[in-house]
Amino acid sequence: MLPAKAEILIVNCDVVLRGAIRESLSGSGHGVVEADSGLAALKILQSVAVKLVVTDISIGDLDGWRLARIIRSGIYRCERDIPIILVTNSWCERITQITAREFGMNHLLSSDSLERLPQLVETCLAGSISSLLSPRLLVVEDHSDNAELVKRILRNKFIVEVASDGASGLAAWLKGRHDLVLLDVMLPGMSGPEILERILRIEPQQPVVIMTAHSSMKMAEELMTKGAVDFISKPFRAEQLRQVCELASRREDYMVGNAQFAAQLEILQERTEAYRKVSEDHQRLLDNLSTVIFELDEKWNIRFLSRAWTRLTGFPIEESLGKKLTSYLATEGRLQKSRYSRQLKGLVSGKLQQCEFELPLLTRERKIIWLECKLDVIGADQDSLTIFGCLDDISKRKKAQQELEFLAMHDHLTGVNNRHYFDNVINQMTASAARGRDRHALLYIDLDHFKVINDTFGHNRGDIVLRDIATLLRSRVRKSDVLCRIGGDEFAVLIYNCGHEQARTTADAICELIQGYQYSHAGQQLAISCSVGVCEIDGKVESSAEYVKQADTALYVAKRRGRNLVHFYDPADRESADLRASIDWARRFRKAIEDDNLFLLFQPVMHIKSGAIAYYEALIRLNLPEEGVVMPGDFIPALEDAGEMALLDHWVVSHAVDLLSQFSQLHQIAINLSAQAFRDERLVSLIKELLAEKQVDPRRIIFELTESASMANIAATQRMIEQLRHIGCSFALDDFGTGFSTFSYLKQFPAESIKIDGSFIAQLDKNKEDQAVVRAITEVAQALGKQTVAEYVENEAVLTLVKELGIDFAQGYFIGHPTTVEDILQASSITCCARF
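None of the values given here were measured: they were computed from a predicted structure. (Residues numbered from 1 in each chain as written. Predicted model: local features only at pLDDT ≥ 70, side-chain atom pairs only at ≥ 80, totals over all residues. Heavy atoms only, no water.)

So, on to the layout of surface pockets. Its volume calculated, the second largest pocket comes out at about 1,200 Å³. Taken together, 31 residues make up the lining of the second largest pocket; nearest its centre are Leu39, Leu42, Ile293, Phe388 and Cys390. Of all the elements in the fold, those that place two or more residues in the lining of the second largest pocket are helix H2 (38–47), helix H13 (274–288), strand E11 (292–296), strand E13 (354–362), strand E14 (368–380) and strand E15 (385–393). When grouped by side-chain class, the residues that make up the lining of the second largest pocket number 17 nonpolar, seven polar and seven charged. (1 Å grid on protein atoms, 1.4 Å probe; cavity = no way out; pocket = protein on both sides within 12 Å on 5 of 7 lines; lining within 4 Å. Points joined across faces, edges and corners; volume = space filled by probe spheres on them. Helix = DSSP H or I, 4+ residues; strand = E, 2+ residues; numbered from the N terminus. Nonpolar A, V, L, I, M, F, W, Y, C, P; charged D, E, K, R; others polar.)

Put into structure tokens, the structure is as follows:
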């Protein structure tokens with residue numbers, strides 16, 4: 001709501017400056033209304049009779065000069081002669097002052113001087129505004145009669161100050177730096193030529209007009225050559241004096257010399273032609289607007305157009321007048337012509353007072369531009385009806401809207417439909433099938449070993465492969481099929497009205513198509529294949545999510561049976577509840593990585609003889625929002641079953657190395673590798689890259705691999721251990737002692753240490769058999785030159801026994817619980833197990 005009694009209108013695009021102006025006037029007691037642009041100000045002026053306007057120059061499409069001219073036209077509720085104060089933070093004082101005067105503004109003020117604004121406002125509202133912008137004139141004349149005559153003649157145009165001799169005149173100029181100096185030649189004391197010379201030495205551009213008697217014309221001529229801008233002989237005529245002084249005060253403007261400014265001077269000199277001047281100003285306003293202003297008759301014929309029409313469409317105004325606006329419609333607009341006509345008829349009949357709609361027009365260059373059209377009836381007589389309208393270019397907005405609509409339903413990387421669009425379509429298919437009308441098919445596609453590409457060539461190259469695959473898939477599916485990227489390296493194809501055989505044919509063709517694709521980079525070639533899970537959308541289930549699960553299950557069966565093949569969903573595929581659990585855990589784990597819901601804890605490992613912490617073992621935890629912290633034993637078996645352990649290995653290694661690079665307090669850490677690690681050809685190169693990138697000393701890392709995993713593939717394990725040791729990392733066999741047969745293999749593994757399985761340590765103080773096993777393992781390890789670590793040290797009695805048995809390191813809750821990096825940093829030192 002606008003205040004009905006607002007007295008002051010503030011117009012400024014700058015929020016900060018507008019607020020500063022409002023604050024400076026807060027104690028004035030006058031009602032204030034604000035506008036953030038010239039166009040917004042016009043709307044306010046239509047309904048509020050303000051008494052004073054404070055505006056800037058740059059206020060949007062309608063600048064401050066034109067706002068002032070419109071106000072002075074008297075078409076709004078306010079008085080046409082209300083005070084207008086120009087407040088700006090960037091202005092050339094001389095040109096701005098002249099322009100402000102010509103555009104009917106009463107005062108200008110720098111934004112740095114807002115403390116003067118309240119008093120200036122009060123002065124203006126009190127009616128004392130006539131000379132606020134008048135130029136200041138210094139008259140240096142020793143004859144008081146002449147000085148008084150000059151003052152009477154020029155007081156309507158200038159703020160006149162008089163000095164009666166040369167010395168006081170120079171002092172007054174030094175203090176005031178007047179816009180114009182009227183200088184007598186013959187003065188007592190300091191002469192006119194001397195004053196001129198001293199003024200121009202300080203300010204060469206100062207306009208000075210010489211007053212001289214006929215007898216000193218020669219001197220006047222000489223002074224003109226030395227820098228005076230004009231002269232006038234005494235006695236002078238009033239009109240002659242006015243003309244000379246006005247010309248002199250505008251000397252710099254004349255010297256600009258461009259035609260536009262000369263036209264402004266001509267307008268100033270022809271004040272009697274007020275009507276023509278107002279007309280020209282209004283036409284200039286229309287010409288500078290980016291909005292097309294036009295008039296129509298009731299048959300769409302164009303009666304008037306502003307110049308913005310030519311700028312927008314390229315068509316000359318003369319050529320367009322008399323033609324129908326609808327003749328410029330693009331094809332899309334012609335299809336809507338009847339709707340536009342109905343709205344125009346509503347205006348003509350009086351049912352509508354105004355209307356607006358979007359028009360696609362065809363430019364002279366045959367390009368389509370989108371315009372927002374607003375129509376309003378502005379007057380009518382007995383013979384015709386005049387309709388006023390405006391057109392605004394909304395092409396950029398329309399393009400942005402179309403792009404947003406596209407992005408909302410398409411994958412930004414590949415350009416195919418996204419998961420949101422997929423969900424909408426499969427919901428429609430599910431509803432259609434449930435009604436018994438149609439049968440459809442869902443093909444769920446996953447690229448085999450795509451992670452190898454990302455790890456080998458980087459994610460940028462992986463994105464290129466995904467775009468290539470999307471292009472291949474797009475070339476194979478029909479226009480009626482719906483191709484979507486579900487996420488990562490997963491795609492889906494929804495096929496309308498599709499039976500089993502057609503789905504099989506399409507899926508086999510997709511497998512064959514992708515198998516034929518090879519990616520080459522830097523001399524390396526990598527073949528791609530895919531696995532496809534298919535389910536029929538047959539109306540037997542009500543939930544689209546269930547169809548997705550069916551296709552997902554079929555996909556995992558395809559991957560488990562060798563990859564690069566197609567498998568149709570069959571309830572018998574649920575070979576065990578473990579398969580579905582593994583699938584669910586694999587999905588949740590991938591989501592946890594995306595959402596950063598994995599974290600590492602660190603459990604201290606103590607050197608028994610010294611009691612000092614030798615290193616920390618990194619232990620992974622999964623934090624699920626709905627379940628809280630999940631221990632590794634709950635999700636690692638499922639990841640192993642789903643073949644996703646490489647994801648876990650890579651995540652743990654990457655984050656552990658990153659933490660080592662950040663915190664020197666983690667002097668050394670042990671990292672567990674999965675049983676599948678020795679089959680991961682990328683793992684060792686990843687470790688090398690991370691160590692180099694993060695500048696971490698390899699000796700700060702101990703890699704642990706379980707005894708059972710090591711024995712499963714001795715050759716591969718030996719090869720990996722050698723590679724890790726070559727890098728500089730240490731190696732330990734974890735969970736050692738689960739089978740005595742492994743004693744004979746200990747010497748085959750170049751591991752620096754072995755971790756005795758916790759099952760032998762937990763009850764060591766109570767079980768003689770465990771003590772015998774631990775003693776044997778320790779003796780064999782010592783004979784082979786390997787250090788030993790005891791896990792599950794839960795009390796002091798067990799710690800005493802492992803020390804007596806000669807074990808080198810101890811780990812367990814009695815030594816310390818798994819803790820965060822932050823807790824380790826807070827601990828100033830850890831020197832004995834009691835502190836834990």
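The structure having been displayed, the exposition proceeds.
Our focus in this paragraph is the packing of helix H26 (residues 645–662) against helix H27 (residues 683–694). At a closest axis distance of 10 Å, the pairing of H26 and H27 adopts a crossing angle of 20°. The angle between H26 and H27 falls in the class roughly parallel. In the packing of H26 onto H27, the handedness of the crossing is right-handed. The residues of H27 that touch H26, namely those facing His650, Val653, Ser654, Val657, Asp658 and Ser661, are Leu683, Leu686, Ile687, Leu690, Leu691 and Lys694. Among the residues forming the contact of H26 with H27, the class breakdown is seven nonpolar, three polar and two charged. (Axes fitted to C-alpha atoms, helices over the stretch in contact; angles between N-to-C directions. Parallel < 35°, antiparallel > 145°, perpendicular 65-115°, else oblique. Left-handed = near helix turned anticlockwise from the far one by under 90°. Contact = heavy atoms within 4.5 Å.)

Quick look at helix H17 (residues 337–349) now. End to end, H17 covers 18 Å across 13 residues, agreeing with the expected 18 Å (1.5 Å per residue, within 8%). Taken together, the buried positions of H17 are occupied by Tyr340, Ser341, Gln343, Leu344, Gly346 and Leu347. Once H17 ends, the next one or two residues include Gly350, with phi positive near 90°. (Expected span 1.5 Å × (residues − 1). Buried < 20%, exposed > 50% of the residue type's maximum accessible area, 1.4 Å probe, protein only.)

All right, on to the nonpolar core then. If you look at the biggest cluster of nonpolar residues, it comprises 76 residues, and the most contacted ones within it are Phe602, Val653, Leu666, Leu673, Phe703 and Val802. Take this core: its biggest share by element is ten residues, from H26. If sequence neighbours within four positions are ignored, Val802 has contacts with Ile608, Ile761, Leu764, Ala790 and Ile807. Of all hydrophobic cores here, the second largest spans 33 residues; its members include Val416, Phe457, Leu466 and Ile510. (Core = buried A, V, L, I, M, F, W, Y, C linked by side-chain atoms within 4.5 Å.)

On to the sheet that holds strand E1 (residues 8–11), then. Reading across from one edge, E2-E1-E3-E4-E5 is the order of the five strands in this open sheet, with parallel pairing throughout. Of all strands in the sheet, those bounded by a partner on one side alone are strand E2 (32–35) and strand E5 (107–110). Between one strand and the next, the sheet's axes are offset by a mean angle of 20°, whatever the strand orientation. Taken together, the four bridges between E1 and strand E3 (residues 52–55) define a ladder with parallel strand orientation. Each bridged residue has a counterpart across the sheet, and for Val11 the counterpart in E3 is Thr55. Lying on the sheet, helix H5 (residues 117–125) is in contact with E1, E3, strand E4 (84–88) and E5; it crosses E4 at an angle near 165°. (Pairing = 2+ DSSP bridges.)

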